[in-house]
Amino acid sequence: MSNPQEIELKLLVPGLTAAAALQLLRRAPSLARRKLRQQQLVNRYFDTPERLLQQQRCALRVRQRRDVHAGTGSEGDTITGASVWVQTLKTAGSSSAGLSQRGEWECLVAADQPERAGLRGTAWDALDPDGALFERLQPCFETRCLRTTWLVARRDGTLLEVSLDAGEVLADGQTQPLLEVELELLAGAPTALFELADELARRLPCLPCNLSKAERAGLLANGQLLQPVRARRLERQRGEALPALALRVLGEAQDQFLRNLEGLLHSDAPEWVHQARVGWRRWRSLLRLLRPWVGPGPDFTALRPLLDALGAQRNLDVGCSETLPAWSGAWACAQAGAADGTAALSPPPDDATTNACAQALAELQAARSAQRTRLRQTLLEPATGQALLALTRYLWQAGQQPMAIEKRAIGARLARWHQRLHRLLQGEKAQLLDVATLHEARLLAKRLRYGSEAMASTLPAKRLRQSQQWVKDATLWQTRIGQARDAWQLALLLQQHTHAPPALLGFMQGVAAAMERAAQEAASPG
C-alpha cells in the first residue's frame, strides 16, 4: 500500500506536439542528465451509474502499466514489457489552480477489475462500510497515454517525480487529446514543486490546471468539458474557519480564470474570453477585499501582455457581435432621414449606407480574427506560463500563513465599498461626474458585486439582505456605465480598424455621449 498522501502540480502543455514537448523537457537542466522511463498506461475508472464517487470528488481506477523499451526490430518498432495492474483510490482533498493535495492508496491487482480486498484499511471503509457501493461499480471512462518519467533527487533529500503524459481521454464515445506535465512531491517541501515547475516553464508553454484526468473525463462524459466555466457560489461548510473559506473562494476564482484560458485556445466562442476576464476580475476583487488578512497580492506586471490581449479581444468581440449590430440599423435610418430632410427614422436606408455598415463589420471581424491569433500566441509564451505559475504559488503561500478574520469584518468592508459607491454616484458632488469618475464607479461596482456574491455565506442575516441589495445596485451601475463605454469603444475600434465613413464614427460618439449623460443624470441627487 502506497503513502496515502499525494502532493502534485499539474501543468497543461498547449500548442506543442508530444515529441516537441519531450525534446524541450529533456534539455531542462534538472532533467538533462537523468535517466527517463517510458510506460504505456491505460487507466480505467469505475463509479456507480449515478456517479456517487464523482459527487464525493473521489476516483477509483485500475491502471494497466507496461514498460516501453527502445525498439530493436528492423523497422525500429518499440517493444513493450509485461503488464502490471495497479488499483488506485484517490479521495477529495485540497486543490487549486494546479496544486493538489489528496489522499491516495495503491495496490497491485490481478486483472482489469477493482478488488475489494485492496481497499481495506483505506478511506473506502468509511465511504462503503457494508460493501453495497462496491457491488454497483462499473467502468465509466478511460484515459490512455504514453508516460515519460524522470526522478529528480536533490542533496537536501528532496525527491520529485516529473511525468509527461501524452494521450487521450475517452468517455461516452467522445475523445479529447491530452498533453500534460505532472510534478509529484515524493519527499521534501512543496516549494520544490514550484521551483522545478518554474524551471520547466522557461522552456515550454504551460498552463496550471486543477482538473485531474478523472475529473476531465467526467466533464467530457457529461458534455461540460467544452463549455465556458462560470462563477460558482461556494457555501461555508460546517465548522469551516473563515480563512479556509476565503482561500477556497480565491482558488475558485483563479480556477475560473485558468480553465477559460484553456478553452479559448481551442474555441473561437467569445464567451471563453468573457468568462476568463470575469474570473480574473473576481480574483482581483477578492484579493482587494481580503487584503487586510492575506496581505498585498502578487506582482501582475508579467501578466500584463496577456491581460491587455484579453481586453483587446473582448472589445472586438463586443463591438462585432453586440454594439455595431445593435446600432447599425438606427444609424442607417438616421442617414436616410438626414439625406431627404425628413424625420430621422422614417425613410428606409439606401444601399450605400447598408454597404458601409456591412463593410465596417467585415473589417472589424478581420481585426477580431487577427487579435484572437495574437491572444493565443501570447498565452503560449513561456513568460505567460511562468506568470500564471506565480499566481498559483502565491495562493499556496497564502494558505501557509496564519490568518485571523473577525466574524463581521468582511461584511463591514463590503459596507464601506457600498458607501463609497453611493457617495460617488449620488453624493453632493454627483452632478460633477466626469468620464474618469464614471469609470471608477464602474470598477467599484464590479468589485462590490463580486465580493458580495462570493462571500455571501459568511454574512449574518441582516448583512446578507443588505448585500443582496448591494449586488443589485452594483449590477445596475455596472450595466449603465458599461453600455456607454461599449459605445465609446466601438467608435474607437471603427477609427482604428476600418474605413468607416466619418458620419458613422460621429453617430457612435453621439450615442456614447448621450448614454454617458443619461448615466450622469441617473446618478445625480434629486
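Cut-offs applied
Residues numbered from 1 in each chain as written. Predicted model: local features only at pLDDT ≥ 70, side-chain atom pairs only at ≥ 80, totals over all residues. Heavy atoms only, no water. Helix = DSSP H or I, 4+ residues; strand = E, 2+ residues; numbered from the N terminus. Buried < 20%, exposed > 50% of the residue type's maximum accessible area, 1.4 Å probe, protein only. Contact = heavy atoms within 4.5 Å. Areas by Shrake-Rupley, 256 points an atom, 1.4 Å probe, with all protein chains shown as cover. Lys, Arg positive; Asp, Glu negative; His and termini not counted. Charge placed at Lys NZ, Arg CZ, Asp CG, Glu CD. Axes fitted to C-alpha atoms, helices over the stretch in contact; angles between N-to-C directions. Left-handed = near helix turned anticlockwise from the far one by under 90°. Phe/Tyr/Trp six-rings, centres within 6.5 Å; stacked < 30°, edge-to-face > 60°. Lys NZ or Arg CZ within 6 Å of the ring centre and 35° of its normal. 1 Å grid on protein atoms, 1.4 Å probe; cavity = no way out; pocket = protein on both sides within 12 Å on 5 of 7 lines; lining within 4 Å. Points joined across faces, edges and corners; volume = space filled by probe spheres on them. Nonpolar A, V, L, I, M, F, W, Y, C, P; charged D, E, K, R; others polar. Parallel < 35°, antiparallel > 145°, perpendicular 65-115°, else oblique. Salt bridge = Lys/Arg side-chain N within 4 Å of Asp/Glu carboxyl O.

Enquirer: Looking at this model, I keep getting lost on the overall build of the protein chain. Mind explaining?
Expert: Helix and strand counts for the protein chain stand at 16 helices and eleven strands. Oriented by its inertia axes, the alpha-carbon framework of the protein chain measures out at about 85 × 65 × 50 Å. The buried share of the protein chain, reckoned over its 526 residues, is 51%. Considering only intrachain contacts with a sequence separation of at least 6, the fraction spanning at least 24 residues in the protein chain is 71%. With the model as given, the accessible surface of the protein chain reaches about 24700 Å², and the carbon-plus-sulfur share is 50%. Charge-centre separation for the protein chain: the mean point of 65 positive side chains lies 6 Å from the mean point of 53 negative side chains.

Enquirer: Please clarify how the packing of helix α13 (residues 409-426) against helix α15 (residues 461-497) should be interpreted in this entry.
Expert: Any two packed helices are characterised by how steeply their axes cross, that is the angle between the axes, and by the distance between the axes. The interhelical angle for the contact between α13 and α15, taken along N-to-C directions, is 40°, at an axis separation of 11 Å. Crossing of α13 over α15 shows left-handed handedness. Across the interface between the two elements, G411, A412, L414, A415, H418 and L425 of α13 pack against R463, W470, D473 and W477 of α15.

Enquirer: Explain unusual backbone geometry here, please?
Expert: Most peptide bonds take the trans form, and the phi angle of most residues other than glycine is negative. The phi dihedral of R57 is positive, around 55°, even though this residue is not glycine. Looking at the secondary structure, you find R57 in the loop between α2 (52-55) and β3 (59-69). Accessibility expressed as a relative area gives 35% for R57, which makes it partly exposed. With a phi close to 50°, D172 is a non-glycine residue in the positive phi region. Examined against the element boundaries, D172 turns out to sit in the loop between β9 (159-171) and β10 (174-187). Given the relative accessible area of 60%, D172 is considered exposed.

Enquirer: What exactly am I supposed to notice about the packing of aromatic side chains here?
Expert: How two aromatic rings sit relative to each other is given by the distance of their centres and the angle of their planes. Taken as a whole and assessed by the stated rule, the structure comprises nine aromatic pairs. Pairing W280 with F300 gives two aromatic rings, centres 5.0 Å apart and planes at 80°, and the pair type is edge-to-face. Of this pair, W280 sits in helix α8 (residues 270-289) while F300 sits in the loop between α9 (291-294) and α10 (304-340), and the two are 20 residues apart along the sequence. A ring pair is formed by W327 and F507, whose centres lie 6.3 Å apart and whose planes are at 65°; its orientation type is edge-to-face. On the criterion of sequence distance, the pair formed by W327 in helix α10 and F507 in helix α16 (residues 502-523) is long-range, its members being 180 residues apart. What makes W327 partly exposed here is its relative accessible area of 30%. Ring pairing ties together the aromatic residues F257, W280, W283, F300 and Y394, which thus form one cluster. The positively charged end of R447 is found above the aromatic ring belonging to W417, 5.6 Å away from the centroid.

Enquirer: Explain the layout of surface pockets here, please?
Expert: One way to see where empty space is left: roll a probe the size of a water molecule over the atoms. The volume enclosed by the second largest pocket comes to roughly 660 Å³. Every residue lining the second largest pocket is counted, 28 residues in all, and those nearest its centre are H274, K446, R449, Y450 and Q478. Listed by contribution, the elements that provide at least two residues to the lining of the second largest pocket are α8, α10, α14 (435-454) and α15. Top element by residues in the lining of the second largest pocket is α15. It accounts for seven residues. When grouped by side-chain class, the residues that make up the lining of the second largest pocket number five nonpolar, nine polar and 14 charged.

Enquirer: Which parts of the structure should I look at to understand the packing of α8 against α13?
Expert: Between α8 and α13, the least distance of the axes is 11 Å, while the angle of their chain directions is 110°. Classified by the interaxial angle, the pair formed by α8 and α13 is roughly perpendicular. Contacts from S285, R288 and L289 in α8 reach I410, R413, L414 and W417 in α13. Here the contact of α8 with α13 is composed, by residue class, of four nonpolar, one polar and two charged.

Enquirer: Help me understand the side chain of N260, please; the structure alone is not making it clear to me.
Expert: Residue position: N260 is located in helix α7 (residues 242-264). Excluding anything up to four places from it in sequence, N260 contacts P228, V229, W272, Q275 and A276.

Enquirer: I tried to follow the pattern of salt bridges on my own but got confused; where do I start?
Expert: In this structure the tally under the stated criterion is 30 salt bridges. R44 is paired through a salt bridge with D112; the nearest N and O atoms lie 2.8 Å apart. Note that R44 is positioned in strand β2 (residues 36-47) and D112 in the loop between β7 (104-109) and α3 (124-127), a separation of 68 residues in sequence. A relative accessible area of 26% means that D112 is categorised as partly exposed. With a shortest N-O distance of 2.6 Å, R282 and E252 are connected by a salt bridge. Of this pair, R282 sits in helix α8 while E252 sits in helix α7, placing them 30 residues apart in sequence. Given a relative accessible area of 5%, R282 falls into the buried group. A relative accessible area of 7% means that E252 is categorised as buried. Through salt bridges with shared partners, one network takes in E8, K10, R147, D165, E180, E182 and K213.

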